[in-house]
Amino acid sequence: MKTLLQRRPRVLAAITATAAIALVAGCSSGGGGGKTTVKGVHLANGGALTVCTHLPYPPFQSVVDGKVQGFDVSLIDLVAKDLGVKQKIVDTPFENFKTGAFLNSGQCDLAAAGMTITDERKKNVDFSDPYFDATQAVLVNKKSGIKSLAGLKGKKLGAQAQTTGEDLAKSKGLDPVSFHSSDAVLNGLRTGQVQAVVIDYPVVQGWLKDKANASAFQVVDNINTGEEYGFTVKKGNTALRDAIDKALARAKSDGEYKKIYEKWIGPYDPSAASPSAGS
């Protein structure tokens, strides 16, 4: 999106740049360490496509049955398959995605974390083609009496700190309580710390699949903020960016994107596979 700032800075004090937790998606990466070049793409660690993310952020990436899985993970698996390597996921602090620090240091080849494409971020990293159009949902306790975004005035509202959801709330003259992660936002709503939250709709979709959540909470507004998600690579890494774009384009044309979307997000809307006008 062009007007709102970043979607979410994922801050975990326990995780540092020097002590990031490496998690392998699927099988082991195979091969040893050290830089290598595969099909014209330079890889930071031989035998693997190393991907920075920040966990958890379902349905895009989270640990499921002991493995990191999700929408982003499945899409990047397609890129890794094209290169003939495995995907290796490294859990890192989200604030580093804004600067491209781990890409510049060579710790990771790309970043995949449900990130909104913004002009500010483009100063530090190169984005792939958009792969997902997102909206912001207003999720409320059914007993709150809130019926829409306009009804949030005077109510105790929550949002994730420094995200587009928080920016949206503030742009409407609201003063949301800030939470450090999407899980914390939803837990704040569940435990009554807040009466409503503004948060990415795909997160809400997954959360409401739980019958207990669906019985007590509901979406009363869904705001199209024009947000588009993209994967990032180090500035100037056109070979890897092109490889990502090629895999995305093929998946959208051969039906693989639709399958992945329905597995992790829900009912498929064809517009989700097409970049928004003006992007």
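Residues numbered from 1 in each chain as written. Predicted model: local features only at pLDDT ≥ 70, side-chain atom pairs only at ≥ 80, totals over all residues. Heavy atoms only, no water.

**Student:** Is there a simple way to think about the confidence of the model for the chain in this case?
**Tutor:** Should pLDDT be low for a region, the predicted coordinates there are not to be read in detail. Looking at the chain as a whole, its pLDDT mean stands at 84, while 84% of the residues score no less than 70. Overall, residues 273–279 carries pLDDT values under 50, and its contacts beyond four positions in sequence, including any with other chains, amount to 12 contacts. (pLDDT = per-residue confidence, 0-100. Contact = heavy atoms within 4.5 Å.)

**Student:** Help me out: how do you make sense of the sheet that holds strand β13 (residues 196–200) in this one?
**Tutor:** By definition, the strands of a sheet pair up through backbone hydrogen bonds, in either a parallel or an antiparallel sense. Strand order in this open sheet of five strands is β12-β11-β13-β10-β14, and the pairing throughout is mixed. The open sheet has two free edges, formed respectively by β12 (177–179) and β14 (217–229), since each of these has just one partner strand. The average angle at which neighbouring strand axes cross in this sheet is 25°, direction not considered. Both strand β11 (residues 157–160) and β12 contribute to a ladder of three bridges, which runs parallel. Bridged to Gly158 within β12 is Val177. On top of the sheet, helix α6 (residues 182–190) reaches β10 (132–141), β11, β12, β13 and β14; it is set at about 155° to β13, its chief contact. (Pairing = 2+ DSSP bridges. Helix = DSSP H or I, 4+ residues; strand = E, 2+ residues; numbered from the N terminus. Axes fitted to C-alpha atoms, helices over the stretch in contact; angles between N-to-C directions.)

**Student:** Which parts of the structure should I look at to understand the pairing of β10?
**Tutor:** On any regular strand, side chains alternate: one points to one face of the sheet, the next to the other face. Counting buried residues along β10, seven of its 10 residues qualify, which places the element largely inside the surrounding structure. Judged from the nine bridges that link them, β10 and β14 form a sheet pairing that is antiparallel. Each residue of the ladder has a partner; that of Val138, found in β14, is Asp221. Here five bridges tie β10 to β13, and the two strands are oriented antiparallel to one another. Bridged to Leu139 within β13 is Val197. (Buried < 20%, exposed > 50% of the residue type's maximum accessible area, 1.4 Å probe, protein only.)

**Student:** It is not clear to me how the packing of helix α1 (residues 71–83) against helix α10 (residues 256–264) should be interpreted in this structure. Could you clarify?
**Tutor:** Any two packed helices are characterised by the angle at which their axes cross and by the distance between the axes. As a packed pair, α1 and α10 sit with axes 9 Å apart at the nearest point and diverge in direction by 155°. Comparing the axis directions of α1 and α10 gives the class roughly antiparallel. As α1 packs across α10, the resulting crossing turns out to be right-handed. Residues Phe71, Ser74, Leu75 and Leu78 of α1 touch α10, and the partners they reach there are Glu256, Tyr257, Ile260, Tyr261 and Trp264. Along the lines of polarity and charge, the residues of the contact of α1 with α10 split into seven nonpolar, one polar and one charged. (Parallel < 35°, antiparallel > 145°, perpendicular 65-115°, else oblique. Left-handed = near helix turned anticlockwise from the far one by under 90°. Nonpolar A, V, L, I, M, F, W, Y, C, P; charged D, E, K, R; others polar.)

**Student:** Would you mind showing me how to read the environment of Phe71 here?
**Tutor:** Along the chain, Phe71 falls in helix α1. When the C-alpha atoms of Phe71 and Ile260 are compared, they prove to be 6.6 Å apart, with 189 residues separating the residues in sequence. The contacts of Phe71, once residues within four sequence positions are left out, are Pro59, Phe60, Tyr131, Phe132, Tyr257, Ile260, Tyr261, Trp264 and Ile265.

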